[in-house]
Every structure is written in structure tokens, then in C-alpha cells.
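Below, each chain spelled out in residue letters.
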Amino acid sequence: MTDHETAILGLPLFTAEMRVPRDAAIKRFALNADFLRHLLRAYPLDGLEEAQIARIKPASANLIGPDLSQRLTDAAWQIELRDGGLACLLLECQAEPDPTMPFRALHSVATLGLKLSRDPPRGYSAARVPPVLHLTLYTGRRTWSVAGADEESGEGSEPYWHWLSRVCHLLDLRRLPDPGGEQNLAVLLARLQRCEDPEALRRAAAPLQSWASDAEHAELASAFAAWITHVVLPDLGVVNVRVSDNLTEVLEMLEQEPRTWADRIRAEERAEVCAEMQRSMVAMLLEMAKLRFGGGAAERLAKLLDGITDTDRLKDIGKWLVTCESGEALLARLRRA
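Small disclaimer: the values here were computed from a predicted structure and weren't measured. (Residues numbered from 1 in each chain as written. Predicted model: local features only at pLDDT ≥ 70, side-chain atom pairs only at ≥ 80, totals over all residues. Heavy atoms only, no water.)

> Explain the overall build of the protein to me, using residue names and the numbers behind them.
Helix and strand counts for the protein come out as 14 helices and 7 strands. Burial analysis of the protein (337 residues in total) assigns 47% to the buried set. When the accessible surface of the protein is summed, it comes to about 17,500 Å², and 51% of that surface belongs to carbon and sulfur atoms. (Helix = DSSP H or I, 4+ residues; strand = E, 2+ residues; numbered from the N terminus. Buried < 20%, exposed > 50% of the residue type's maximum accessible area, 1.4 Å probe, protein only. Areas by Shrake-Rupley, 256 points an atom, 1.4 Å probe, with all protein chains shown as cover.)

> Which residues make up the nonpolar core, and what values go with them?
Among the nonpolar cores identified, the biggest contains 61 residues, and Leu192 and Leu208 are the most heavily contacted of them. Setting aside residues no more than four positions away along its own chain, Leu208 makes contact with Leu185, Leu188, Leu192, Phe224, Ile228, Leu247 and Leu251. (Core = buried A, V, L, I, M, F, W, Y, C linked by side-chain atoms within 4.5 Å. Contact = heavy atoms within 4.5 Å.)

> Describe the packing of helix α2 (residues 33–42) against helix α6 (residues 185–193), and please don't skip the residues or the numbers.
Close contact between α2 and α6 brings their axes to 7 Å; oriented N to C, the two are set at 80°. The angle between the axes of α2 and α6 places the two elements in the roughly perpendicular class. Residues Phe35, His38, Leu39 and Ala42 of α2 lie in contact with α6, whose contacting residues are Leu185, Ala186, Val187 and Leu189. Class assignment of the residues belonging to the contact of α2 with α6 gives a composition of 7 nonpolar, 1 polar and no charged. (Axes fitted to C-alpha atoms, helices over the stretch in contact; angles between N-to-C directions. Parallel < 35°, antiparallel > 145°, perpendicular 65-115°, else oblique. Nonpolar A, V, L, I, M, F, W, Y, C, P; charged D, E, K, R; others polar.)

> Summarise the packing of helix α1 (residues 21–30) against helix α9 (residues 218–235); cite the residues concerned and give the values.
Put simply, α1 and α9 touch, their axes get as near as 9 Å, and they point 150° apart. When the interaxial angle is binned, α1 and α9 end up roughly antiparallel. As α1 runs across α9, the sense of the crossing is left-handed. For the pair α1 and α9, the contacting residues are Pro21, Arg22, Ala25, Ile26, Arg28 and Phe29 in the first and Glu219, Leu220, Ser222, Ala223, Phe224, Ala226, Trp227, His230, Val231 and Asp235 in the second. Residues of the contact of α1 with α9, tallied by class, amount to 10 nonpolar, 2 polar and 4 charged. (Left-handed = near helix turned anticlockwise from the far one by under 90°.)

> Please give an account of the sheet that holds strand β5 (residues 86–94) that cites residues and values.
The 5 strands are arranged β1-β4-β5-β6-β7 in an open sheet whose pairing can be described as mixed. Only two strands of the sheet have a single neighbouring strand rather than two, namely β1 (53–58) and β7 (168–172). For this sheet, the mean angle separating the axes of adjacent strands, direction not counted, is 25°. Packed onto the sheet, α2 meets β1, β4 (75–81), β5, β6 (132–138) and β7 and runs at close to 135° relative to β1. (Pairing = 2+ DSSP bridges.)

> Go over the packing of aromatic side chains with me, naming the residues and quoting the values.
Following the criterion strictly, the structure yields 4 aromatic pairs and no others. Note on Phe29 and Phe224: the rings are 4.9 Å apart at their centroids and 80° apart in plane angle, and the pair reads as edge-to-face. Residue Phe29 is located in helix α1, and its partner Phe224 is located in helix α9; the two are separated by 195 residues in the primary sequence. Note on accessibility: Phe29 and Phe224 belong to one class, buried. (Phe/Tyr/Trp six-rings, centres within 6.5 Å; stacked < 30°, edge-to-face > 60°.)

> Describe in detail the pattern of salt bridges, supporting the description with residues and values.
Side chains that differ in sign of charge can pair as their charged atoms come close. For the structure shown, the criterion picks out 20 salt bridges. A salt bridge links Asp172 to Arg175; the nearest nitrogen and oxygen atoms lie 2.8 Å apart. By relative accessible area, which is 7% here, Asp172 ends up buried. What makes Arg175 partly exposed here is its relative accessible area of 36%. The residue Arg202 makes a salt bridge to Glu199 at a minimum N-O spacing of 2.6 Å. Taken as a pair, Arg202 and Glu199 lie in helix α7 (residues 198–205) at a separation of 3 residues, close to a single helical turn. Through salt bridges with shared partners, a single network forms among Glu199, Arg202, Arg203 and Glu255. (Salt bridge = Lys/Arg side-chain N within 4 Å of Asp/Glu carboxyl O.)

> Lay out the environment of Lys115 with the relevant residues and their values.
Counting through the fold element by element, Lys115 comes out in helix α3 (residues 101–118). For Lys115 and Leu63, which are 52 residues apart along the polypeptide, the C-alpha to C-alpha distance reads 8.6 Å.

> Describe the pairing of β4, listing the residues and the values that go with them.
The element β4 is extensively covered by neighbouring structure, given that 6 of its 7 residues are classed as buried. Pairing of β1 with β4 involves 5 bridges; the strand directions are antiparallel. Along β4, the bridge assignment pairs Ile53 with Leu81. Judged from the 6 bridges that link them, β4 and β5 form a sheet pairing that is antiparallel.

> If you had to explain the side chain of Arg191 to someone new, which residues and values would you point to?
Looking at the element boundaries, Arg191 is found in helix α6. Engagement of the side chain of Arg191 in a polar contact is seen with the backbone oxygen of Gly181, the distance being 2.8 Å. Setting aside anything within four residues of it in sequence, one finds Arg191 in contact with Asp178, Gly180, Gly181, Glu182 and Ala204. (Polar contact = N/O pair within 3.5 Å; in protein donor to acceptor, adjacent residues only side chain to side chain.)

If you want it as C-alpha cells, here you go:
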């Protein structure tokens, strides 16, 4: 927040410390008014779209209830509308589905609504306050249905998102429909979420080049650089990547290194498949030894198998297990090998 972005609605401005890279990275978008315009232009909410907006001002994310209880939301905005009215938008960023989100959203909306009722802005009254909307911005890989977590709501239960949907909204960036175009930053961010390999990421990030050196949008360029290096690349299995807040550097890296990353990811996947095969073979050998020679022989065999990763040797042990007449003979044959 810059110095001129002061608190409104009679509440002190509060910014929570962001410790988790994914949470901190997505909140940089949620706290950016330009990105919010792009988001509402591409994905208008029921009751609020970008064409209605005259001006966006930051509000306090620290919501204090009548009993002085505190409710923090990730971002809060006061929106001045072209018709002279006001609207308030509360944003919550989520990386995992949360079945309690409808209640959290309703709590936030009610807390701010009560505050506005007790201290209404000019042109409003206790009985008529600006509309308060809540938006959950979801960036996780697991599917989050519109209901929030239907599998936990119980058969026959009414999903709470349905009766809260006029004020509480959820945008799943990974699964949003793509409206097309390369100039909307919210659309580009959603495309980054859908990438399944480094080459797809390189193509999805290419349109950001026109924003990379734009001084007016330097904060957003930095946010995209952080999102790519802190979140998207680790999600794709790319580790130990050069971390940079410079979008130009990140885009250059994406042009140069996706093939190397893809080769390394494939090699790691092959190694994991091989390791899983070896674990399965060892488990099968121990089960066979237990059935044929008893639990004691299987326990001693487990100690001898510990550390053996040669698949061909494990196959040989399987043959010995069939041909040896006793557990002692099998263990002796293995010790000689």
C-alpha cells in the first residue's frame, strides 16, 4: 500500500504478515486495484462489473465486530460507481478447498454491513447501506465445487453457496472459462494456473512481455514474476529455480530453460516409477517368504533386502525363493550372492 492509500469506513488500515509463498504471491494481485479492474472485466460478478466502476479505493481488511471480535480478510475495497453509488468488495485468497468458507464469508459481509449501518457513508443510512460483496479467489489444484465442499455437506443438504451466491462469489482460476485475448491480466493469470508442463508455461507467459517493462504496472509485473517462480514452477515440479521479482528476467528464463526442466522432470518421474516398482517387488518377496517359510524368515529377509535397489537382483531373489527348500537355505543363498 502506498502512503496515499489510507483507511476508510472509520477503520485503521491493517496488513497481515504473509509468510506462505503461495498466499503472499496471490495477495499481491488481490491488493492491486488495476488487477481488480481486469478481474471484474473478464469475470464480472452478479451485481458488480468493471463497466460500472468509476474509482477503486483500498479499505481496511481488519473487520471489528460489535463485541470487538476481529475478522481479517485478505483484501478490502471501496468501489465508487459511475451512478454515484458505492459498493464494497472483500477478497479472500484460498489455496485449498474450505467447507467453512460460506460461513467465513457471511461473517465478513455481516461485520462490515453492521459497521456501515452504524456509521453510514454520505448518501446512505442505517437502513440502506452500500452493497457488500465477498469474493473467494481460489488457486488450488484440487477441484472446489461451487458448493465449497459438497462431499462434506451431506446427502440432501442445501449447499450454502447457493443461498449466499448473491453476495458471496467464488472464482476458481484454474477452471475459469477463457474469454480469449492477451491484454487482460486476470485472464493471463488464470492461464498460468492451467499449465501442466514448462513448455505450456512458456507459451502462456509470453503475452506478459508487453507488461514487463511498463513502469506504470511495475508492481503487477513483479507480482507475476513472483507467482511464476514461487508457485507455478514448483507446482510443475521445477525446483531450485532462480527466484526473481524482475518479470523480464523470468520471461527470459522461461524462453531458455523449459526443455532442460522438462528433461529433468521426466528423469525424476522415471526414477520415482522405478523406486515404486522396487518397493512393490520387495513387499511381494516378503509376503511370499512369510507364506512359504513363516514370519521369522520374512523378518530376517527384510533386513537383507534393505538397501537393495537392483531390479535384476530382486528378480533373482524371487527365483531363489521358489527353488530353495527352506528359509535358512534362502537366506544363506542371499548371503553368498
